Amino acid sequence: MTTQSPVYYLDRMQKAADEARLFVRGMDGAAFAGNKLVQSAVAYSLCVIGTAAVELLEKHPEFAPEHPEVRWNELRDMGKRLLSDEASMGVEDLWTVVAHAVPELLSQLEAIRHWRAEGE
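These numbers were taken from a predicted model, which means no experiment stands behind them. (Residues numbered from 1 in each chain as written. Predicted model: local features only at pLDDT ≥ 70, side-chain atom pairs only at ≥ 80, totals over all residues. Heavy atoms only, no water.)

(A) Quick look at the packing of aromatic side chains. What the rule picks out here adds up to 3 aromatic pairs. Residues Phe32 and Trp95 carry aromatic rings whose centres are separated by 5.4 Å and whose planes lie at 40 degrees to one another, so their mutual orientation is tilted. You can see Phe32 sitting in helix H2 (residues 29–33) and its partner Trp95 sitting in helix H6 (residues 91–117), a full 63 residues away along the chain. Residues Phe32 and Trp95 agree in their burial class; the two are buried. The interplanar angle of 75 degrees and the centroid separation of 5.8 Å between the aromatic rings of Phe63 and Trp72 together place this pair among those described as edge-to-face. Residue Phe63 is classed as buried on the basis of its relative accessible area of 0%. (Phe/Tyr/Trp six-rings, centres within 6.5 Å; stacked < 30°, edge-to-face > 60°. Helix = DSSP H or I, 4+ residues; strand = E, 2+ residues; numbered from the N terminus. Buried < 20%, exposed > 50% of the residue type's maximum accessible area, 1.4 Å probe, protein only.)

(B) Expanded view of helix H1 (residues 6–23). Between its terminal C-alpha atoms H1 stretches 26 Å, which fits the 26 Å expected from 18 residues at 1.5 Å a residue. Residues of H1 that are buried include every one of Pro6, Tyr9, Leu10, Met13, Gln14, Ala16, Ala17 and Ala20, and no others. The arc that holds the buried residues of H1, viewed along the axis, is 165 degrees, so those residues lie on one side. (Expected span 1.5 Å × (residues − 1). Arc of directions from axis to C-beta.)

(C) Spatial organisation of the pattern of salt bridges. Under the defined criterion, the tally for this structure stands at 7 salt bridges. A salt bridge links Arg113 to Asp11, with the shortest nitrogen-to-oxygen separation between them at 2.1 Å. Of this pair, Arg113 sits in helix H6 while Asp11 is found in helix H1, placing the two residues 102 residues apart along the sequence. For Arg113, a relative accessible area of 24% corresponds to the partly exposed category. Here Asp11 falls in the partly exposed class, since its relative accessible area comes to 37%. With its nearest N and O atoms 2.9 Å apart, the salt bridge here joins Arg71 to Glu104. A residue pair is termed long-range when its members are at least 10 positions apart, and Arg71 in the loop between helix H4 (63–66) and helix H5 (72–84) and Glu104 in helix H6 qualify at 33 residues. Among the residues examined, Glu104 registers a relative accessible area of 31% and is labelled partly exposed. Here the salt bridges do not stand alone but share partners, grouping Arg71, Glu74 and Glu104 into one network. (Salt bridge = Lys/Arg side-chain N within 4 Å of Asp/Glu carboxyl O.)

(D) View of the side chain of Gln14. Mapped onto the elements of the fold, Gln14 is located in helix H1. Gln14 has contacts with Leu106, Leu109, Glu110 and Arg113, leaving out every residue within four places of it along the chain. (Contact = heavy atoms within 4.5 Å.)

(E) Highlighting the packing of H1 against helix H3 (residues 36–59). Where H1 meets H3, the closest approach of the two axes is 9 Å, and the angle between their N-to-C directions is 165 degrees. Classed by the angle they form, the pair H1 and H3 counts as roughly antiparallel. As H1 runs across H3, the sense of the crossing is left-handed. In contact with Pro6, Tyr9, Leu10, Arg12, Met13, Ala16, Ala17, Glu19, Ala20 and Phe23 of H1, H3 contributes Val38, Ala41, Val42, Ser45, Val48, Ile49, Thr51, Ala52, Ala53, Glu55, Leu56 and Lys59. Across the contact of H1 with H3, the residue classes tally to 16 nonpolar, 2 polar and 4 charged. (Axes fitted to C-alpha atoms, helices over the stretch in contact; angles between N-to-C directions. Parallel < 35°, antiparallel > 145°, perpendicular 65-115°, else oblique. Left-handed = near helix turned anticlockwise from the far one by under 90°. Nonpolar A, V, L, I, M, F, W, Y, C, P; charged D, E, K, R; others polar.)

(F) Examining the side chain of His60 more closely. Considering the arrangement of structural elements, one finds His60 in the loop between H3 and H4. On the accessibility criterion, His60 (12% relative accessible area) is buried. A polar contact of 2.6 Å, which involves the side chain of His60, links it to the backbone oxygen of Gln4. Excluding residues within four positions of it along the chain, His60 makes contact with Thr3, Gln4, Ser5, Pro6 and Tyr9. (Polar contact = N/O pair within 3.5 Å; in protein donor to acceptor, adjacent residues only side chain to side chain.)

Below, the structure is given as structure tokens:
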């Protein structure tokens with residue numbers, strides 16, 4: 001079986017992050033707190049991000065030290081936390097992640113892509 005390139009995992013992370021932001025477009029924290037369907041969709045997207053981060057780091061261990069601006073351990077742990085005990089991440093935590101950490105991650109992924117496009 002061939003190993004996927006880092007770009008494959010970055011694409012998965014970016015797609016899931018974009019979807020999470022789309023799910024909450026036009027919402028504030030109160031609207032999010034009252035919508036279990038959107039909470040579940042966001043949680044799923046965060047699990048995808050975490051899983052892609054884990055796979056990227058397992059298959060390309062050199063990648064994290066090359067990009068220390070990304071909080072790789074937090075991404076990995078977030079996915080595990082959501083999968084092991086969804087109740088351990090409250091609605092407020094989910095909102096904070098999707099409202100603040102996900103946009104930051106999208107900026108970081110864009111910077112990595114730009115860096116890679118210029119020839120590393």
